[in-house]
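Observations on the model geometry
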Amino acid sequence: MCWNQINNQSDIDNLMHAYFGFHDSCICSIDYKSGAKVDEKNGMCGVDKNCVLSIQFESQMPTFHNQPDKKSIVLKFIGLHRLDLSAYRNNFFGDISSCYLSFYKGFIVWADHDGFDPDDCGDGNLFEGSRATFVVAKRLEWKFIHTKKS
């Protein structure tokens, strides 16, 4: 299956509709590729401006709507600028009841709750401090994936 591109608000709306607004979902895995490496001469090569973060989610909602083929989705953030991950929050289960997904100052921003405010994400600055899990990147692609039954 090919990747779906997020280029405008209509693409965001389509993703949110297709995955039920991320209701009753959770992050299952994260894969980060920076592009950084140590070369043959032992020199450090910097981070690629197109570093990639892929996040796999699973949701209960597709099963409730008889669409089990849409249980798992991967969001691929390209040109990653920032990831803030709050894996555990004071006795709360790691489920997501809604999410924030929007364009902001030339970036795409995803956060684990729809009340997220990129102008006030903990310390008043999207690019510093937060209590939410959120991602800031230049581009976003997504696709449904099939996962093995356990």
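Here's a quick rundown of the structure. Keep in mind it's a predicted model, so treat the numbers as computed, not measured. (Residues numbered from 1 in each chain as written. Predicted model: local features only at pLDDT ≥ 70, side-chain atom pairs only at ≥ 80, totals over all residues. Heavy atoms only, no water.)

**Looking at the environment of V109**
Among the structural elements, V109 can be located in strand β8 (residues 107-111). Classification of V109 by relative accessible area gives buried; the value is 0%. In this structure the C-alpha to C-alpha distance between V109 and K138, which are 29 residues apart in sequence, comes to 8.8 Å. (Helix = DSSP H or I, 4+ residues; strand = E, 2+ residues; numbered from the N terminus. Buried < 20%, exposed > 50% of the residue type's maximum accessible area, 1.4 Å probe, protein only.)

**Let's talk about the pattern of salt bridges**
This structure, assessed with the given rule, holds four salt bridges. Across the salt bridge formed by K33 and D31, the nearest N and O atoms sit 2.8 Å from each other. Look at D31 and you get partly exposed, because its relative accessible area is 37%. For R82, the salt bridge goes to D84, with nearest N and O atoms at 2.6 Å. For the residue pair R82 and D84, the accessibility class agrees, reading buried in each case. A cluster of three or more residues bridged by salt bridges with shared partners is formed by K76, R139 and E141. (Salt bridge = Lys/Arg side-chain N within 4 Å of Asp/Glu carboxyl O.)

**Regarding the packing of aromatic side chains**
Overall, the coordinates contain eight aromatic pairs when judged by the stated rule. Here F116 and F134 contribute two aromatic rings whose centre-to-centre distance is 5.0 Å and whose plane-to-plane angle is 40°, an arrangement assigned as tilted. Taken as a pair, F116 in the loop between β8 and β9 (134-145) and F134 in strand β9 lie far apart in primary sequence, 18 residues in all. A relative accessible area of 6% places F116 in the buried class. Since its relative accessible area comes to 0%, F134 is described here as buried. Taken together, the aromatic side chains of Y19, F22, F57, W110, W142 and F144 make up a single cluster linked through ring pairs. Here the guanidinium or amino end of K76 rests over the ring plane of W3, the centre of that ring lying 4.2 Å away. Residue placement shows K138 over the ring face of F107; its charged tip is 4.7 Å from the ring centre. (Phe/Tyr/Trp six-rings, centres within 6.5 Å; stacked < 30°, edge-to-face > 60°. Lys NZ or Arg CZ within 6 Å of the ring centre and 35° of its normal.)

**Section: unusual backbone geometry**
Residue D24 is not a glycine yet carries a positive backbone phi of 50°. D24 gets classed as partly exposed once you look at its relative accessible area, which sits at 22%. Its identity as a non-glycine residue notwithstanding, K105 has a phi of 50°, on the positive side. Topologically, K105 is positioned in the loop between β7 (100-104) and β8. On the accessibility criterion, K105 (65% relative accessible area) is exposed.

**Quick notes on the pairing of β9**
The buried count for β9 comes to nine of 12 residues, which makes it a mostly enclosed element. Alignment of strand β1 (residues 4-5) against β9, held across two bridges, turns out to be antiparallel. Paired with Q5 across the strands is E141, a residue of β9. Sheet topology places strand β6 (residues 72-84) next to β9; 11 bridges connect them, and they run antiparallel. Counterpart to L75 in the pairing with β9 is W142. Here four bridges tie β8 to β9, and the two strands are oriented antiparallel to one another. Its bridge partner lying in β9, V109 is registered against V136. (Pairing = 2+ DSSP bridges.)

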